[in-house]
Amino acid sequence: LVTGPSPAAVSGSSRTVSPFAPADVLAPRIGAAIEAAFGAEYAGVDPLLRPSQFADLQANVALSLAKKVGAKPRDVAEKIVAALDVSDLASSVEISGPGFINLTLSPGWLSGAATSMAGDERLGVPRQERQIVPIDYSAPNVAKEMHAGHLRTTVVGDSLARTLEHLGHQVIRQNHIGDWGTPFGMLIEHLLDVGETSDEATLLEVDPNSFYQHAREKFDSDPAFADRARGRVVKLQAGDAPTLAVWNRLVGLSKVYFNRIYSALDVTLTDGDLAGESMYNDQLQAVCDELEDRGIAVISDGALCVFLPGYTGREGKPVPLIVRKSDGGYGYGTTDLATVKYRVQQLHANRILYVIGSPQSLHLNMVWDTARAAGWLPDDVEVVHVQIGNVLGSDRKMLRTRSGNPLRLMGLVDEANTVARKVIDEARPDLDEAIRAEIAPQIGVGAIKYADLSVAHDTEYVLDLERMVSLTGNTGPYLQYAAARIHSIFRNAGMAPDAATAPIVVAEAAERDLVLALLQFGSTVALVGDALEPHRLAGYLFELAQAFSSFYEKCPVLKADDAAVRDSRLALSALTLRVLTQGLELLGIRSPERM
Ligand code: ARG
């Protein structure tokens, strides 16, 4: 087992407050009360606002402050409450237990906040101070099938890209495809043998693994081919023009395959985001030279290695990052060192995200520590490994097909869309055939993506298509259905959701719960950007959809007795629809208007 030092704790980007989130609005008020009661030295103390069982929120700060000011927590709470001015916000402020301050928001404030949120085109999502954020995600390998792990980094990375962009950052997508290295000699020779326009070559666009396997089989069984393949790598590395032309063709065919998957999955990656391993090829020697000249890398057993403090294997043996192998070849790590340099020096990154499988954590930490030692990664540039956990099959092993071959991603997408079609045919036989055909892929793809986004990105989960595509439970289709149902309310009302702009008045308990959920949207999106956890948004949207469901059950909208109540409920429904649609969009999931 190899262990490395845990990465230095990095603080998130400054969290920006949302103008409507109750905790964000209350925090400065409690802060002011603490300052008034105990003096300026306590300015900026975290009020420790948490959800409460007995009120909307509870502030726990009195308990932590008690020691510092040398008083009983309950007395501290009383002093804070005495200095607290929240008459415009809260209908009750009570101290309970050892000194919790329980705050209940007034219907008047909730109504006003919801109405203001409805008038805000950003729905309370803050615009943060702009950072340059390269995001390394997807990164499949040329002439290889994308597997479920690539699917997950693609989906999680894309959601983070959308979210950070929405928060005001300049996201630079970096699709670090595996398009360089020794197997390319064999792949190029095979492509030359079969012809660039042959059916075999076309496999690269639809079933790249078969192409790869055929090349591999020839390499293993035909010594003359193996010799040619080895010679070809040398030519490729030397920049031989005809060889590069065939290599280009090979990568081009693979791009067709990647792009088919990206468009089927509704992912924002384009050819312009490709920044593969080959891009760094001409910088690898300089990387090695610089490390060697400065004594950061040393020759060990013929290889150029970086030995970093803290990286040890069995019996405390130091584990090196090998930057040049004894045969002169460069490795994956060398390329990643060049990647860090490029992102810092050329892209001027403030924060770099690597959305990559968890097993690559040690690799990344060694690369970063080496880059820090070389001065290529300054302390003010935050690097984060957004660790992606494995997707498992029903046997709880890494997802494979029954034959043991890697799962074909396009096959998974097709299967999900077929199941989605079945589900929608059963649930809505009354819908036009053309509409069902149009929405089935939105539901199928939404289901796959939501399954990746609704669990913490670093945990393992078992892929279960039937559950994922279900219209009930914490699924993508359930959220899509919740949004479609609101569209149908407006169709029945004969009005566009945008036209529902009446003031929102909170009276019933179910309205209150729904408004409380809605007001959290902005701070939830900000949290996703800071913590880099899309599942927080997924969980939020699920709770919001449930709150809407109870509201709709308990509070008649179109049949409300009073015109003002009806208009308020229509406005509340329209606001919920906007939040659901915007939230799903940040996850990269479409919201069909009918389903
Ligand atoms: N191509 C690699 C793989 O399939 C992932 C590359 C991730 N990005 C990086 N900068 N190392 O595992």
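Please read these numbers as outputs of a predicted model, since none were measured by experiment.

Colleague: Which parts of the structure should I look at to understand the overall build of the protein chain?
Modeller: For the protein chain, the count of helices and strands is 21 helices and 13 strands. Overall, the C-alpha framework of the protein chain stretches about 85 × 65 × 40 Å when taken along its three principal axes. Looking at the protein chain as a whole, 44% of its 595 residues are labelled buried. Contacts spanning at least 24 positions in sequence make up 74% of the contacts within the protein chain whose residues lie at least 6 apart.

Colleague: Any chance you could explain the packing of helix H18 (residues 509-519) against helix H21 (residues 563-587) here in plain terms?
Modeller: What describes two packed helices is the angle between their axes and the distance between those same axes. One way to put it is that H18 packs onto H21 with a least axis distance of 11 Å and a crossing angle of 35°. H18 and H21 meet at a crossing whose hand is left-handed. Between H18 and H21, the contacting residues are Glu511, Leu514 and Leu518 on the first element and Leu572, Leu575, Thr576 and Val579 on the second.

Colleague: What is the right way to look at the nonpolar core in this model?
Modeller: Proteins that are soluble and globular tend to have nonpolar side chains buried together. Membership of the largest hydrophobic core comes to 172 residues, with the highest contact counts inside it found for Ala114, Leu250, Val323, Val355, Leu518, Leu544 and Leu580. Ranked by residues supplied to this core, first place goes to H21 with 11 residues. Contact partners of Leu580, with chain neighbours within four places excluded, come to Leu479, Ala482, Ala483, Leu541, Leu544, Ala545 and Ser591.

Colleague: Help me understand the sheet that holds strand E10 (residues 351-357), please; the structure alone is not making it clear to me.
Modeller: Strand pairing in a sheet relies on backbone hydrogen bonds, with the paired strands running either antiparallel or parallel. Ordered by their spatial adjacency, 4 strands build an open sheet running E6-E5-E10-E11, and the pairing between neighbours is parallel. One side of each edge strand has no neighbouring strand; the edge strands of this open sheet are strand E6 (170-174) and strand E11 (382-388). Across this sheet, the average inter-strand angle for adjacent strands is 20°, counted without regard to direction. One ladder, built from 5 bridges, connects strand E5 (residues 132-136) with E6; its direction is parallel. Within E6, the residue paired with Val133 across the bridge is Val171. Packing against the sheet, helix H5 (residues 148-166) makes contact with E5, E6, E10 and E11, and its axis sits at approximately 155° to E10.

Colleague: Looking at this structure, I do not really get the confidence of the model for the protein chain. What am I missing?
Modeller: Any region with low pLDDT has predicted coordinates that should not be read closely. Looking at the protein chain, pLDDT values average 94 and 96% of them are 70 or higher. Every residue in residues 1-14 scores below 50 in pLDDT, and together they form 21 contacts with partners more than four places removed in sequence or on other chains. Two summary scores accompany this predicted model of the complex, namely pTM at 0.94 and ipTM at 0.99.

Colleague: Honestly, the site of the ligand in this entry has me stumped. Any pointers?
Modeller: The ligand sits among Asp136, Ala139, Asn141, His176, Gly178, Asp336, Thr339 and Ile356. Of the residues that constitute the shell around the ligand, the class distribution is 2 nonpolar, 4 polar and 2 charged.

Colleague: Which parts of the structure should I look at to understand the pairing of strand E3 (residues 90-96)?
Modeller: Across a regular strand the side chains alternate sides, sitting on one face of the sheet and then on the other. Summarising the sheet, E3 and strand E4 (residues 100-105) pair through 6 bridges and their orientation is antiparallel. Within E4, the residue paired with Glu94 across the bridge is Asn102. The antiparallel hairpin formed by E3 and E4 contains 3 residues in its connecting segment, where Gly97 sits at a positive phi of about 55°.

Colleague: Sorry, what's going on with the sheet that holds strand E7 (residues 297-300) here?
Modeller: With respect to topology, 3 strands assemble into an open sheet ordered E7-E8-E9, the strand pairing being antiparallel. Two strands close off the open sheet at either side, each with one partner strand: E7 and strand E9 (318-324). For this sheet, the mean inter-axis angle between neighbouring strands, taken without regard to orientation, is 50°. Judged from the 4 bridges that link them, E7 and strand E8 (residues 303-312) form a sheet pairing that is antiparallel.

Colleague: When you look at the UniProt feature "domain: Arginyl tRNA synthetase N-terminal" (unreviewed entry) in the protein chain in this model, what are you seeing that I'm missing?
Modeller: Here the UniProt feature "domain: Arginyl tRNA synthetase N-terminal" (unreviewed entry) sits at residues 24-105. Its end C-alpha atoms 13 Å apart, residues 24-105 is made of 43% helix and 23% strand.

Colleague: Would you take a moment to explain the packing of helix H1 (residues 22-38) against helix H3 (residues 73-83) for this structure?
Modeller: Contact pair H1 / H3: the axes reach a minimum separation of 8 Å and the direction vectors enclose 110°. Between H1 and H3, the angle falls in the class roughly perpendicular. The hand of the H1/H3 crossing is right-handed. Note on element contacts: H3 touches H1 through Lys79, Ile80 and Ala83, opposite Ile30, Ala33, Ile34, Ala36 and Ala37. Grouping the amino acids of the contact of H1 with H3 by side-chain chemistry returns 7 nonpolar, no polar and 1 charged.

Conventions we followed
Residues numbered from 1 in each chain as written. Predicted model: local features only at pLDDT ≥ 70, side-chain atom pairs only at ≥ 80, totals over all residues. Helix = DSSP H or I, 4+ residues; strand = E, 2+ residues; numbered from the N terminus. Buried ≥ 20, exposed ≤ 12 C-beta atoms within 10 Å, placed from the backbone. Contact = placed C-beta atoms within 7 Å. Axes fitted to C-alpha atoms, helices over the stretch in contact; angles between N-to-C directions. Left-handed = near helix turned anticlockwise from the far one by under 90°. Core = buried A, V, L, I, M, F, W, Y, C linked by C-beta atoms within 7 Å. Pairing = 2+ DSSP bridges. pLDDT = per-residue confidence, 0-100. Near = placed C-beta within 6 Å. Nonpolar A, V, L, I, M, F, W, Y, C, P; charged D, E, K, R; others polar. UniProt positions renumbered as here; feature names shortened; annotations may be inferred. Parallel < 35°, antiparallel > 145°, perpendicular 65-115°, else oblique.

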